[in-house]
Amino acid sequence: MTGGGAIPEKRMAGRDVIIETISRLILPFILLFGFYVMIGTEGTGGGFQGGTILAAGFILYITVFGAKRGREMIPESVNTFFESFGLYLYNGSGLLCIIFSMGAVQFLNYPGIWPVTDLVGVAGSRAWIIAFMVEVGIGLTVMAAFISQYFDLAWKDEEEEMVVRKE
Amino acid sequence: MILPIDLILLFFLVIIAIAAVTVKDILAAVILTGAYSFVMANVWLQMGSSDVAFTEAAIGAGVSTALMVAAISRTTRWEK
């Protein structure tokens, strides 16, 4: 952070049109690829990777448009909601197995959810519940954790710039 | 697995790793670590494990580098 007052002025005034347009164009594809990695394949794996790709897309947006506009897009409350909602989804899918089977199967034993098992079979229920509950839960939690980490590092920077400009 | 490509990539890995630990500019070290992750993703890819490759590219070269650069903005850039 050298240069004092000149750099924040320039950064605020002259935003690069090329970088903004390219990142705005590429952001939906990054998010789509993240969701594809998360729920696109049947079976385990991909939740952490998909969540990281989603977080990378949002971090690109925050880096290009600044922490303030990024905060408008992803407020603190939404981020906290996603962080705990993913955990609830993951734990809830394990708990539903015990609840639906009246304690006959153990935690995270997916064929125990008999409505889904009756509908699509044992292997199908395992694939569907892992894909749409467990992976999405892991992915949302990882995404929110990475975004909040990045905000913790980037947000104070903006506050200090405000102080520098006032001086 | 193609042996010449493998050898070239591993040679680059060694060069980048030595450069990353010897350079005095911390920002350059972080960028070199990102480049290391990118070459490593290529190594995974030509070993045939594409999921590990794009995980390495997303985490090592993408998010980790962004977090490190954001951390450098909170401290000094040059190693004493």
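Note that the coordinates shown come from a computational prediction; the quantities given were computed from them, not determined experimentally.

## A look at the environment of L54 of chain A
Residues and elements named next belong to chain A.
Thinking step 1. Within the secondary structure, L54 sits in helix 3 (residues 47–73).
Thinking step 2. A residue is classified by how much of its surface remains accessible, and L54, at 1% relative accessible area, is buried.
Thinking step 3. Residues L54 and L31, spaced 23 residues apart in sequence, show a C-alpha to C-alpha distance of 5.3 Å.
Thinking step 4. Setting aside chain neighbours within four positions, we find L54 in contact with L31, G34, F35, M38 and M143.

## Notes on the packing of aromatic side chains
Thinking step 1. Taken as a whole, this structure holds 5 aromatic pairs over all chains when the rule is applied.
Thinking step 2. When the ring of F11 of chain B is compared with that of F12 of chain B, the centres are 6.5 Å apart and the planes differ by 65°; the resulting orientation is edge-to-face.
Thinking step 3. Taking relative accessible area as the criterion, F11 of chain B reaches 54% and is therefore assigned exposed.
Thinking step 4. Taken together, the ring pairs connect F81, F82 and F85 of chain A into an aromatic cluster.
Thinking step 5. Seen from the ring of F151 of chain A, R71 of chain A lies directly overhead, with NZ or CZ sitting 4.0 Å from the centre.

## What to know about the interface of chain B and chain A
Thinking step 1. Counting residues at the interface gives 11 residues for chain B and 15 residues for chain A.
Thinking step 2. Counting each side, the surface lost to burial between chain B and chain A is near 1,200 Å², with a carbon and sulfur contribution of 77%.
Thinking step 3. When the buried area of chain B at its contact with chain A is split by residue, V63, L67 and R74 of chain B rank highest and sum to 43% of it.
Thinking step 4. Seen at the junction of chain B and chain A, the total is 0 salt bridges.

## A few points about the packing of helix 2 (residues 17–39) of chain A against helix 3 of chain A
Residue and element names in this part refer to chain A.
Thinking step 1. The geometry of helix 2 relative to helix 3 is characterised by a closest axis approach of 8 Å and an angle of 155° between their N-to-C directions. For the element pair helix 2 / helix 3, the angle class is roughly antiparallel. Crossing handedness for the pair helix 2 and helix 3: left-handed.
Thinking step 2. When grouped by side-chain class, the residues that make up the contact of helix 2 with helix 3 number 17 nonpolar, 7 polar and 2 charged.

Rules used in this analysis
- Residues numbered from 1 in each chain as written.
- Chains lettered and ligands numbered in written order.
- Predicted model: local features only at pLDDT ≥ 70, side-chain atom pairs only at ≥ 80, totals over all residues.
- Heavy atoms only, no water.
- Helix = DSSP H or I, 4+ residues; strand = E, 2+ residues; numbered from the N terminus.
- Buried < 20%, exposed > 50% of the residue type's maximum accessible area, 1.4 Å probe, protein only.
- Contact = heavy atoms within 4.5 Å.
- Phe/Tyr/Trp six-rings, centres within 6.5 Å; stacked < 30°, edge-to-face > 60°.
- Lys NZ or Arg CZ within 6 Å of the ring centre and 35° of its normal.
- Buried area = accessible area lost by both parts, 1.4 Å probe.
- Salt bridge = Lys/Arg side-chain N within 4 Å of Asp/Glu carboxyl O.
- Axes fitted to C-alpha atoms, helices over the stretch in contact; angles between N-to-C directions.
- Parallel < 35°, antiparallel > 145°, perpendicular 65-115°, else oblique.
- Left-handed = near helix turned anticlockwise from the far one by under 90°.
- Nonpolar A, V, L, I, M, F, W, Y, C, P; charged D, E, K, R; others polar.

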